[in-house]
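Chain and residue survey
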Amino acid sequence: MIEFKRVSKKYPTGQLALYNVNLRLDAGEMVFLTGVSGAGKSTLLKLIARLERPSEGHILIGGKTLKLLSDQQIPSYRRNIGFIYQDPHLLDDQSVFDNVALPLKIAGISDDEIQHRTQAALEKVDLKNKSTRSPQMLSAGERQRVGIARAVVNKPTIILADEPTGNLDPKLAEDIMNTFAQFNELGTTVLIASHDHALIEQMNKRTIVLQKVEN
Amino acid sequence: MSKKNTQKNSSNKRTQKTNKKKQKNQVTTTTPLTAWINQHRNSIKFSSQRLWLNPFSTWMTLAVIALALALPTGLHILLKNLSSVASNDGENRASTISLFLKPSVTAQRALDRSELLSERSEISSAKLITKDQAIENFKHIQGFKEILATIGGNPLPHVIAISPDLSVIAESGQTIEGFAKSLKNESDVDNVQIDLEWVQRLRAILNIAERVTLVIATLLGITVLLVVGNTIRLNISGKKREIEIIQLIGATNHYIRRPFLYEGVWYGFFGGILSLVIVHFSLLFIVAPVETLAKLYDSEFVISGVGIIIMLKLLFSSALLGLAGAWIAVGRHLQQQSKRMNR
């Protein structure tokens, strides 16, 4: 479903983040992406989400080349991807509910459906009782779970998570990984960039190791 | 310098197969029309809330827009009123020819003469001012009361104030002077005085004033466009992070642009309403002195206010200007952002 063919990424600054990467993820698979800092984990995820463009090579999603997507097609493509960042990128002037409901509003879903699906997503991450709060009033773990709920509320086919447990204690990190595993059980492809080897071992899933390119 | 990826553990193939089946049930469809309506409804709600929740900046912007729109609107209405005074037809027209009747003519005969004249096609209206009415008017002018007292009796003649129909006179190949001369030949008429010069001057001034108003309206229209554009630009700056986040989630440029466009329309529309209120109260303020002035010119002129057509035109134009200002501001931001992302 996700395929990289000889993909390289060089930033305008001259930094070579990825070189000649080949990989394949099947639909419904849960995979960990690991490697040292600067190995290009985040870049690889951004390439899949089409937040960056490869300098060389091809990325195929569901058999279609990502390069051929026009600027107008990118938003609808992104709506099929749930991206979770280390900093969950929440809107602090909006409630937890409104943050999670954002992808549904963008998709033009009706208010009733938004209510139903947002509550369901918040229930999955165990934050239903905090839906009216501002994200500023939540702990780091809770904020991360709001980010996860927002990423999954639109029922994406792919979940990309960039160091989702980076700021969390081991217990919370485990809980969040289990949440990802639950979504994967429902058929969602999950790709998680992490350097928490103990947690990766514990999850017992396929792991892709990226090695840092010597510039 | 190669990048190596290592597949550490093989995934569970059976789980993947069942997952593929489950994925098919994940897609929830919303028709494009319903989605479009929902997005517009959200944008209207969101943009209105933003104005409502920032009352100080909203009122400041609306006041600037209203003042910018009130000036050309007020000038336009004044010119429209003055044009009706200077025009050939209409109730506001001022008399331009005065027929002084012979002293021997009685009031009844003067009235009959006035009615006869008013039936002529070249004359729009003929109004009799009897010698008694004339002396009463004189008495109200400072200093004349004493003078009239020393004279004793009433030396004034009956006067018929005529408003000629200039277009009919022109069609018949006559000049206004020729027509006035023909009136002098009427029986009972002692003297004729043409008072047309001021109307012609007024028309010339109005022609200039109309062009000046057009220039002012254009410049102030551009001002409204810039004010709205700048306000929206500031709002975009305050929402930069939000815009970036919703773009990451999959918002289209249309989705991002929409609430700002509605905001621009609201600024223009409500600014237009406020400008109408300003113009209305300004007109109320000058109604009394204008009526006094009109009476001095023997006219029944009453200043007319903002009609429904002008009102609709103004609101439509101001909303359109707001929309254009917002469109430019958001368009520029999205263009810059697109350049940054494609670098």
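Right above here is the structure, for reference.
All residue numbers refer to position in the chain's written sequence, counted from 1. Working convention: letters from A go to chains and numbers from 1 go to ligands, in the order in which they are written. Totals for whole chains, interfaces and linings use all residues, but because this is a predicted model, local features are given only for residues with pLDDT of at least 70 and pairs of side-chain atoms are given and counted only at 80 or more. Calculation of side-chain values draws on the structure's entire complement of heavy atoms; hydrogens and water are dropped beforehand.

Only DSSP runs of H or I with at least four residues qualify as helices, and only runs of E with at least two residues qualify as strands; both kinds are numbered from the N terminus onward. In terms of regular secondary structure, chain B is built from 12 helices and four strands. Buried, partly exposed and exposed residues are distinguished by accessible area as a fraction of the type maximum, computed with a 1.4 Å probe on protein chains only: under 20%, between the cut-offs, and over 50%, respectively. When the 343 residues of chain B are sorted by exposure, 39% land in the buried category. Long-range pairs, those at least 24 residues apart, make up 82% of the contacts in chain B between residues at least 6 apart in sequence. Surface accessibility follows the Shrake-Rupley procedure with a 1.4 Å probe radius. Residue values consider only the protein chains on display as shielding. Taken as a whole, chain B presents about 20300 Å² of accessible surface, with 62% of it coming from carbon and sulfur. Contacts are residue-level and defined by heavy atoms, with any inter-residue pair within 4.5 Å sufficient.

All names here are of chain B. Two strands pair under a simple rule: DSSP has to find at least two bridges between them. What the four strands build is an open sheet, ordered 2-3-1-4; its pairing is antiparallel. Across the chains shown, the open sheet's two edge strands, defined by having one partner strand only, are strand 2 (123-129) and strand 4 (189-194). For this sheet, the mean angle separating the axes of adjacent strands, direction not counted, is 20 degrees. Note: strand 1 (residues 97-101) against strand 3 (residues 159-164), four bridges, orientation antiparallel. Following the sheet pairing, Ile 97 is matched in strand 3 by Ile 162. A fitted line through C-alpha atoms represents every axis, and for helices the fit uses only the stretch in contact; the resulting angles, taken between N-to-C directions, go from 0 to 180 degrees.

Let us now look at unusual backbone geometry. Residues and elements named next belong to chain A. A positive phi is found at Lys 155, a non-glycine position, where the angle reads about 50 degrees. Note that Lys 155 resides in the loop between helix 5 (140-152) and strand 7 (158-162). The class for Lys 155 is partly exposed, based on a relative accessible area of 35%. Of note in the backbone geometry, Asn 204 takes a positive phi value of approximately 55 degrees without being a glycine. For Asn 204, the location among the structural elements is in the loop between helix 7 (197-203) and strand 9 (206-210). We classify Asn 204 as exposed; its relative accessible area is 57%.

On to the nonpolar core, then. One finds Ile 65, Ile 232, Ile 246, Tyr 267 and Val 306 of chain B to be the most contacted residues of the largest nonpolar core, which totals 42 residues. No other element matches the 11 residues that helix 11 (residues 253-296) of chain B contributes to this core. Beyond its immediate chain neighbours, meaning those up to four positions away, Ile 65 of chain B contacts Val 224, Val 227, Val 228, Tyr 267 and Gly 271 of chain B. Buried residues of nine kinds, namely Ala, Val, Leu, Ile, Met, Phe, Trp, Tyr and Cys, make up a nonpolar core once their side-chain atoms join them within 4.5 Å. Counting residues in hydrophobic clusters, the runner-up holds 37 residues, among them Val 125, Val 153, Leu 172 and Ile 176 of chain A.

The next subject is a nonpolar patch on the surface. A surface patch of nonpolar side chains, amounting to about 460 Å² of accessible area, comprises Phe 270, Ile 273, Val 277, Phe 281 and Leu 284 of chain B. Structurally, the position occupied by Phe 281 of chain B is in helix 11. Patches in this entry comprise residues that are over 30% relatively accessible and not in a salt bridge; like charges within 9 Å are linked, as are nonpolar side chains (Val, Leu, Ile, Met, Phe, Trp, Tyr) within 5 Å. Any Lys or Arg side-chain nitrogen found within 4 Å of a carboxyl oxygen on Asp or Glu counts as a salt bridge.

This brings us to the sheet that holds strand 2 (residues 16-25) of chain A. All names here are of chain A. Read from one edge of the open sheet, four strands run 2-1-4-5, paired in antiparallel fashion. Looking at strand neighbours, the two that pair on one side only are strand 2 and strand 5 (64-65), the edges of this open sheet. Where strand 1 (residues 2-10) and strand 2 come together, six bridges link them in antiparallel fashion. Directly across from Lys 9, in strand 2, lies its bridge partner Leu 18. Relative to the sheet, helix 1 (residues 41-48) contacts strand 1, strand 2 and strand 4 (56-61), its axis offset from that of strand 1 by approximately 120 degrees.

Overall, the coordinates contain 21 salt bridges over all chains when judged by the stated rule. We note a salt bridge from Arg 24 of chain A to Asp 26 of chain A, for which the minimum N-O separation is 3.3 Å. As a salt-bridge pair, Arg 50 of chain B and Glu 263 of chain B come within 2.5 Å of each other at their nearest N and O atoms. Here Arg 50 of chain B, found in helix 2 (residues 32-53), pairs with Glu 263 of chain B, found in helix 11; they are 213 residues apart in sequence, far enough to count as distant. Counted as one network, the salt bridges with shared partners bring together Arg 109, Arg 113, Arg 120, Glu 122, Glu 186 and Asp 188 of chain B.

Looking now at the pairing of strand 1 of chain B. Residue and element names in this part refer to chain B. Where burial is concerned, most of strand 1 is hidden: four out of the five residues are buried. Here strand 1 pairs with strand 4 via five bridges, running antiparallel. Of the residues in strand 4, the one forming a bridge with Phe 100 is Asn 191.

Within helix 3 (residues 96-106) of chain A, nine of the 11 residues are buried, which leaves it mostly tucked inside the rest of the structure. Every buried residue belonging to helix 3 of chain A is among Val 96, Phe 97, Asn 99, Val 100, Ala 101, Leu 102, Pro 103, Leu 104 and Ile 106 of chain A, and all of these are buried. Each element contacted by the buried residues of helix 3 of chain A is listed here: helix 4 (111-124) and helix 5 of chain A together with helix 2, helix 10 (240-249) and helix 11 of chain B. Looking one or two places after helix 3 of chain A, you find Gly 108 of chain A, whose phi comes out positive at around 75 degrees.

Before going further, it helps to spend a moment on the packing of aromatic side chains. The pairing test for Phe, Tyr and Trp rings, Trp by its six-membered ring, is centres within 6.5 Å, and the orientation test on the planes gives stacked under 30 degrees, edge-to-face over 60, and tilted for anything in between. If you walk through the whole model with that rule in mind, you get four aromatic pairs over all chains. With centroids separated by 4.4 Å and ring planes inclined at 15 degrees, the aromatic side chains of Phe 83 of chain A and Tyr 85 of chain A adopt a geometry described as stacked. Accessibility classification places Phe 83 of chain A together with Tyr 85 of chain A in one group, the buried group. Ring pairing ties together the aromatic residues Tyr 262, Trp 266, Phe 269 and Phe 270 of chain B, which thus form one cluster.

On to the environment of Phe 4 of chain A, then. Residues and elements named next belong to chain A. With respect to the element layout, Phe 4 can be found in strand 1. Residues Phe 4 and Leu 45, spaced 41 residues apart in sequence, show a C-alpha to C-alpha distance of 11 Å. When sequence neighbours within four positions are dropped, the list of residues in contact with Phe 4 reads Val 21, Asn 22, Leu 23, Leu 44, Leu 47, Ile 48, His 58 and Ile 59.

Let us look at helix 6 (residues 170-185) of chain A. Residues and elements named next belong to chain A. A helix is expected to span 1.5 Å for every residue after the first. The first and last C-alpha atoms of helix 6 sit 22 Å apart over 16 residues, in line with the 22 Å expected at 1.5 Å per residue. Among all positions of helix 6, only Leu 172, Ala 173, Ile 176, Met 177, Thr 179, Phe 180, Ala 181, Phe 183 and Asn 184 are buried. Gly 187, located one to two residues past helix 6, shows a positive phi value of around 110 degrees.

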